[in-house]
Amino acid sequence: MTELQIIFQQCWDRLSQASQTPGAAWRTPVLATTGDRGPRQRTVVLRMVDLRAMQLWLHTDVRSAKVQQLIAHPIASLLFYDSVTETQLQVRGQAVIQTTGPQWQQLWNNSPETSLRMYLAPQVPGSPAAAATSNLPDSVASRIPSREELADGLRNFAAVRIQAEQIEWLQLSRGGHRRAAFDIAGEQLQHAAWLEP
Ligand SMILES: Cc1cc2nc3c(=O)[nH]c(=O)nc-3n(C[C@H](O)[C@H](O)[C@H](O)COP(=O)(O)O)c2cc1C
């Protein structure tokens, strides 16, 4: 394997590990989408990585602004940063919203109750509120609901699949920064190249 191929492989291994490791640096990327008035960004949790297909999976509220943005402009960019290794990764790809299907179900089943509670929110997330509010039903506002109680949230639960198409890697180092770009097509690495940092 060339050095570029090794870096590419390591990126995917680290993404996969991060998706299974709360607290990992690459666990909480910034998701950028295209809104009506320009770019929008927000922190999300990387929930699942399909190494074979090179897909990254998130979950979100189907009523959220990002879902509308991704339907209108189905290209997403995820920005990862690890401050310990000073490594930045940008992953750009086609985004698909799913509200049924095996991976959607898998994401629901594998997520802890704590991360599913927000799907019980009665009001559309991001809509104006008369006062500070948790947007949770009173019955679960101060406790974690059971799986049975969470079932109502399924109607608001959306999986976001991002099919990686371009990856850009940057690692800072006193010995000299290094930067590389990777193109993916047909679930395979098509092209790898060094860039000037
Ligand atoms: C650490 C952290 C993790 C988050 N994870 C998610 C997530 O996995 N999914 C999600 O929809 N929102 C998540 N959020 C909330 C989003 O950043 C955002 O506020 C929300 O999804 C509404 O975004 P939108 O109005 O642009 O759609 C997270 C926020 C933080 C601070």
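Report follows, based on the coordinates. (Residues numbered from 1 in each chain as written. Predicted model: local features only at pLDDT ≥ 70, side-chain atom pairs only at ≥ 80, totals over all residues. Heavy atoms only, no water.)

Quick word on the overall build of the chain
Turning to step 1, where the next piece is worked out: Counting secondary structure elements, the chain contains five helices and nine strands.
Turning to step 2, where the next piece is worked out: Ordered by position from the N terminus, the helices and strands of the chain form the series α-β-β-β-β-α-β-β-α-α-α-β-β-β.
Turning to step 3, where the next piece is worked out: For a compact globule of 197 residues, the expected C-alpha radius of gyration is about 16 Å, and the chain comes in at 18 Å, within 12% of that figure.
Turning to step 4, where the next piece is worked out: Its C-alpha atoms put the chain at 55 × 35 × 35 Å along the principal axes.
Turning to step 5, where the next piece is worked out: About 10900 Å² of surface is accessible on the chain, with carbon and sulfur atoms providing 49% of the total. (Helix = DSSP H or I, 4+ residues; strand = E, 2+ residues; numbered from the N terminus. Rg over C-alpha atoms; globule rule 2.2 N^0.38 Å. Areas by Shrake-Rupley, 256 points an atom, 1.4 Å probe, with all protein chains shown as cover.)

A few points about helix 2 (residues 65–72)
Turning to step 1, where the next piece is worked out: The set of residues buried in helix 2 consists of Lys66, Val67, Gln69 and Leu70. Viewed along the axis of helix 2, the buried residues span an arc of 160 degrees, placing them on a single side of the element. Helix 2 presents Ile71 and Ala72 as exposed residues on the side facing more than 90 degrees away from its buried surface.
Turning to step 2, where the next piece is worked out: Of the surrounding elements, those touching the buried residues of helix 2 are strand 1 (30–35), strand 2 (38–43), strand 4 (55–61), strand 5 (75–82), strand 6 (87–98) and strand 7 (157–171). (Buried < 20%, exposed > 50% of the residue type's maximum accessible area, 1.4 Å probe, protein only. Arc of directions from axis to C-beta. Contact = heavy atoms within 4.5 Å.)

Description of the environment of Ser139
Turning to step 1, where the next piece is worked out: With respect to the secondary-structure elements, Ser139 resides in the loop between helix 4 (113–116) and helix 5 (147–150).
Turning to step 2, where the next piece is worked out: Its relative accessible area of 52% is what places Ser139 among the exposed residues.
Turning to step 3, where the next piece is worked out: In the structure, Ser139 is positioned 48 residues away from Val91 in sequence and 39 Å away in space, judged by C-alpha atoms.

Side note on the site of the ligand
Turning to step 1, where the next piece is worked out: Taken together, Arg42, Thr43, Val44, Val45, Arg47, His59, Thr60, Ser64, Ala65 and Lys66 form the complete shell of residues around the ligand.
Turning to step 2, where the next piece is worked out: Residue Val45 places a main-chain N or O atom 3.1 Å away from an oxygen atom belonging to the ligand.
Turning to step 3, where the next piece is worked out: At 2.8 Å from an oxygen atom of the ligand is found a side-chain nitrogen or oxygen belonging to Arg47.
Turning to step 4, where the next piece is worked out: When isolated, the ligand has an accessible area of 610 Å², and the protein chains bury 59% of it. (Near = heavy atom within 4 Å. Polar contact = N/O pair within 3.5 Å; in protein donor to acceptor, adjacent residues only side chain to side chain.)

Description of helix 1 (residues 3–19)
Turning to step 1, where the next piece is worked out: Helix length check: helix 1 (17 residues) gives 24 Å between terminal C-alpha atoms against 24 Å at 1.5 Å per residue, within 8%.
Turning to step 2, where the next piece is worked out: The set of residues buried in helix 1 consists of Leu4, Ile7, Phe8, Cys11, Trp12, Leu15, Ser16, Ala18 and Ser19. (Expected span 1.5 Å × (residues − 1).)

Thoughts on the packing of aromatic side chains
Turning to step 1, where the next piece is worked out: Applying the stated rule across the entire model yields six aromatic pairs.
Turning to step 2, where the next piece is worked out: An angle of 45 degrees between the planes, with centres 5.1 Å apart, marks the rings of Phe8 and Phe182 as tilted. Linking Phe8 in helix 1 with Phe182 in strand 8 (residues 178–185), this pair joins segments that are 174 residues apart in sequence.
Turning to step 3, where the next piece is worked out: Relative accessible area serves as the criterion here: at 7%, Phe8 is assigned to the buried category. (Phe/Tyr/Trp six-rings, centres within 6.5 Å; stacked < 30°, edge-to-face > 60°.)

Digging into unusual backbone geometry
Leave glycine aside and you will find that most residues have negative phi; peptide bonds, for their part, are mostly trans.
Turning to step 1, where the next piece is worked out: Its identity is not glycine, yet Met54 carries a phi of approximately 55 degrees, on the positive side.
Turning to step 2, where the next piece is worked out: Mapping Met54 onto the fold places it in the loop between strand 3 (48–50) and strand 4.
Turning to step 3, where the next piece is worked out: Located in the positive-phi region is Glu187, a residue other than glycine, with phi close to 60 degrees.
Turning to step 4, where the next piece is worked out: Inspection of the secondary structure puts Glu187 in the loop between strand 8 and strand 9 (188–195).
Turning to step 5, where the next piece is worked out: What makes Glu187 partly exposed here is its relative accessible area of 33%.

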